[in-house]
Amino acid sequence: MLYTDNVNQLIFWVLIPLVLISFLFFRIVEWHFYNDGGRKEIAQQHLVNLKNLDDINCLILGGSNSFFGLSAEQMSINSKLNCYNLSLLNEGYSDESYFTYIKSAPISYKEINYIFYSTAYLLADDKLFTKRLKNNEDKIGISGDTSFRMFGDSLALRLKNLLEGNSFSKFYFQYPNPNKRGDFNFELYDGCDSEKIKDKWILTSKQEELKNWIKLNLLRIKSLFHNAEVYLISPSKLGNNKNRADLASLSNYLQAEAAILSFSYIEQSLFINKDVLCDSDIHANRTGRNIRTSELLDLIHSE
């Protein structure tokens, strides 16, 4: 009986506190190395920028594909467009998060006449699109209790990463704040390296879920911006021949839906080589952005 009491006291007074202290120490170390690649700071800078801009009548919405690949500054050269690029990396992590963020922006919704929505999830593979749906279920956000966390993985997973030759924590590019028009600021970024980019991507097999997802997001946009002409823009990505038939099928569907839901669908060209890309098959570099934005303006004018 005495032996049992001693064991219980040892567990209660030594082992349990030791486990708790070790866990807290691990999380503190992890928090110290926490880096979201500038994502929250970029989101905050957008809000600051918008407070200092007047007469905005055009918004670019989407994720990193449109943050890197479309230029509000270049589009605003057009006499009827005065644009801001409100694209967020990872498209705000979840739909609820992104559209809540848009609602919080200091924008006069009634004065927005043009929305250009370019989402990379149109050309996502199963893994990426499934992750988006999971983030939507978990209501992952930019900040707060449901914010996206790059720390919080188990110690076992961290050790597994090390044993497999991977880094202890995930690596994310550190991106600069956007310029005054919300565009990616290439002048402050020297991390473009297209040599490592691969083009082995396949469209998601979850085509019905994808169609429902994009339809819901378009309805959300139209409910926010009643006076806006909404353009759904296919994302430019490093092209390959594996997806031609599926891309054509998706394009035909979106063209048909455009007439039903009263939006315009514009299919942009895929990138044909890595020279116009930055650090991903969906991230244009400065040259690629100029090419893509110029093409978009031409396609708008030809409608």
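This is a predicted model, so every value here is computed, not measured.

Engineer: What should I look at first to understand helix H9 (residues 244–261) in this one?
Structural biologist: Side chains three or four residues apart in an α-helix point the same way, a direct result of the helix having 3.6 residues per turn. Counted at 1.5 Å a residue, the expected span for H9 with its 18 residues is 26 Å, and the 25 Å between its end C-alpha atoms agrees. Considered for burial, the residues of H9 that qualify are Leu247, Leu250, Ser251, Tyr253, Leu254, Glu257, Ala258 and Leu261. Considered in projection along H9, the buried side chains sweep an arc of 165° and stay on one side of the axis. The exposed residues of H9 that point more than 90 degrees off its buried face are Ala245, Asn252, Ala259 and Ile260. Those residues of H9 that are buried are in contact with helix H8 (207–224), strand E4 (229–233) and strand E5 (264–266). Immediately beyond the C-terminal end of H9, within one or two residues, lies Ser262, with a positive phi of roughly 60°.

Engineer: Would you mind showing me how to read unusual backbone geometry here?
Structural biologist: Note on backbone geometry: most residues besides glycine have negative phi, and most peptide bonds are trans. Positive phi outside glycine occurs at Tyr93, with the angle close to 75°. As for its position among the elements, Tyr93 is in the loop between strand E2 (83–85) and helix H5 (95–104). With phi around 60°, Ser262 is a residue other than glycine that occupies positive phi space.

Engineer: How do you make sense of the sheet that holds strand E3 (residues 114–118) when you look at a structure like this?
Structural biologist: One key point about sheets: their strands pair by backbone hydrogen bonds, in either a parallel or an antiparallel sense. Taking strand neighbours across the sheet as the criterion, the five strands line up as E2-E1-E3-E4-E5 in an open arrangement whose pairing is parallel. A single partner strand is all that each edge strand has here, and the edge strands are E2 and E5. Averaged over all adjacent pairs, the angle separating strand axes in this sheet is 20°, with direction ignored. Where E4 lies against E5, three bridges are found, and the strand directions are parallel. Following the sheet pairing, Tyr231 is matched in E5 by Ser264. Relative to E3, H8 is tilted by about 155°, and along the sheet it contacts strand E1 (58–62), E3 and E4.

Engineer: Would you mind showing me how to read the packing of aromatic side chains here?
Structural biologist: For any pair of aromatic rings, geometry is given as the distance between the ring centres together with the angle between the planes. The tally for this structure, following the rule as stated, stands at 14 aromatic pairs. With centroids separated by 5.4 Å and ring planes inclined at 50°, the aromatic side chains of Tyr109 and Phe225 adopt a geometry described as tilted. On the criterion of sequence distance, the pair formed by Tyr109 in the loop between H5 and E3 and Phe225 in the loop between H8 and E4 is long-range, its members being 116 residues apart. For Phe225, a relative accessible area of 1% corresponds to the buried category. An aromatic cluster is built from Phe67, Phe68, Tyr175, Phe184, Phe186 and Tyr189, whose rings are joined through pairwise contacts. The ring centre of Tyr253 lies 4.6 Å from the NZ or CZ of Lys211, which sits over that ring.

Rules behind the numbers
- Residues numbered from 1 in each chain as written.
- Predicted model: local features only at pLDDT ≥ 70, side-chain atom pairs only at ≥ 80, totals over all residues.
- Heavy atoms only, no water.
- Helix = DSSP H or I, 4+ residues; strand = E, 2+ residues; numbered from the N terminus.
- Expected span 1.5 Å × (residues − 1).
- Buried < 20%, exposed > 50% of the residue type's maximum accessible area, 1.4 Å probe, protein only.
- Arc of directions from axis to C-beta.
- Contact = heavy atoms within 4.5 Å.
- Pairing = 2+ DSSP bridges.
- Axes fitted to C-alpha atoms, helices over the stretch in contact; angles between N-to-C directions.
- Phe/Tyr/Trp six-rings, centres within 6.5 Å; stacked < 30°, edge-to-face > 60°.
- Lys NZ or Arg CZ within 6 Å of the ring centre and 35° of its normal.

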